Amino acid sequence: MNKKLPIIIIVPHGGDKVPEELSGFEEVDKFDLFFESDTCANELFDFENHVIANINSNISRLFVDLDRPLYQMPQKSLDGVIKKVSLTGKKIYKEKIFPDEIAISNILKRYYIPFHKKIETLISSNDIKFIIECHTVMAVGPKNSSDYGKPRPLIIIENRKNDDKQSILTCPDEHAKSLLESLKKTFSDEDTTVAGRFSFNRPSFNGYILKKYGCSEIPMLRMSISKSLFLNDNYFSYEYLKVDDLRIEELRKKIWSSISHFVNKYI
């Protein structure tokens with residue numbers, strides 16, 4: 001049996017489930033939950049057999065956004081931990097229904113806090129040498145994004161966090177660019193019409209997880225893969241909201257090939 005690599009894979013937005021506490025109160029349907037998640041991210045970045053820790057969630061980001069700080073509540077931010085509207089501006093809950101403070105507290109205790117506690121516990125050990133946060137992103141920037149209406153690259157690697165108007169490295173540029181180069185080679189055969197196939201820190205999603213854990217002594221980066229690779233007529237059924245399993249397996253193998261090559265080179 002191969003030894004597991006000393007890295008953490010974090011996938012915060014791969015879930016598309018409604019928390020059981022809120023089931024029946026949602027206005028969004030299966031289509032919304034599927035498309036507004038990081039579609040197929042849990043499957044694409046399932047490297048549990050290869051790494052020390054693969055941390056994800058099956059709960060939709062529309063109900064508990066694990067990549068937002070706790071202080072970003074509905075009263076202060078439309079795009080916080082607990083949201084009222086979706087990425088496309090659709091109401092998440094039925095009219096005049098929204099979880100009260102007690103319900104929100106219980107939901108955070110059940111889903112949000114354990115997720116981050118697990119990351120913190122792993123980071124505090126001496127076993128982890130690198131952290132990779134993984135996402136799938138819409139092919140075009142959605143309405144509330146900084147790149148609204150603009151085509152997104154096939155693959156984006158980020159190794160900077162913006163904090164108090166400062167840009168801070170979360171891992172050396174050499175490491176981040178090396179992984180991006182490896183991904184370029186692995187995905188060179190992909191036929192895609194997206195503008196700019198591979199990108200380094202553009203667009204910047206500047207998420208909370210990278211801000212929070214990118215300041216530890218463990219180097220970290222964020223990898224975002226465009227959904228255009230699998231949400232298309234070749235691999236996706238709109239009728240069944242189903243992506244071809246073989247396509248996901250093919251992409252997962254490509255991603256892991258690049259990650260393992262990078263880790264074995266630098267870690």
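Look up: the structure comes first, before these words.
Notes on the structure in this doc start here. (Residues numbered from 1 in each chain as written. Predicted model: local features only at pLDDT ≥ 70, side-chain atom pairs only at ≥ 80, totals over all residues. Heavy atoms only, no water.)

**Some thoughts on the nonpolar core**
Residues I7, F45, M223 and I259 are the most contacted members of the largest nonpolar core, which totals 41 residues. Aside from chain neighbours lying at most four places away, what touches I259 is I7, F47, I132, L179 and M223. The next biggest cluster of nonpolar side chains, apart from the first, holds 33 residues, and it includes I8, V28, Y112 and I128. (Core = buried A, V, L, I, M, F, W, Y, C linked by side-chain atoms within 4.5 Å. Buried < 20%, exposed > 50% of the residue type's maximum accessible area, 1.4 Å probe, protein only. Contact = heavy atoms within 4.5 Å.)

**A closer look at the sheet that holds strand 7 (residues 198-200)**
Here we have 6 strands laid out as an open sheet, ordered 2-1-3-8-4-7, and mixed in their pairing. Edge positions in the sheet fall to strand 2 (51-56) and strand 7, since each has one partner strand and no second. Adjacent strand axes in the sheet meet at a mean angle of 20 degrees when their direction is disregarded. Packing against the sheet, helix 3 (residues 101-124) makes contact with strand 1 (5-11), strand 2 and strand 3 (130-137), and its axis sits at approximately 160 degrees to strand 2. Helix 6 (residues 245-266) rests against strand 1, strand 2, strand 3 and strand 8 (220-226) of the sheet, and its axis sits at about 135 degrees to strand 1. (Pairing = 2+ DSSP bridges. Helix = DSSP H or I, 4+ residues; strand = E, 2+ residues; numbered from the N terminus. Axes fitted to C-alpha atoms, helices over the stretch in contact; angles between N-to-C directions.)

**A closer look at the packing of aromatic side chains**
Scanning the entire structure with this criterion turns up 11 aromatic pairs. When the centroid spacing of 5.5 Å and the interplanar angle of 15 degrees are considered together, the rings of F34 and F236 count as stacked. Taken together, the residues F34 in helix 1 (residues 30-36) and F236 in strand 9 (residues 236-237) connect sequence positions 202 residues apart. Pair check on accessibility: F34 and F236 agree, each one buried. An aromatic cluster of three or more residues is present, and its members are F31, F34, F35, F236 and Y238. (Phe/Tyr/Trp six-rings, centres within 6.5 Å; stacked < 30°, edge-to-face > 60°.)

Remember, this is a structural readout, not a statement about activity or role.
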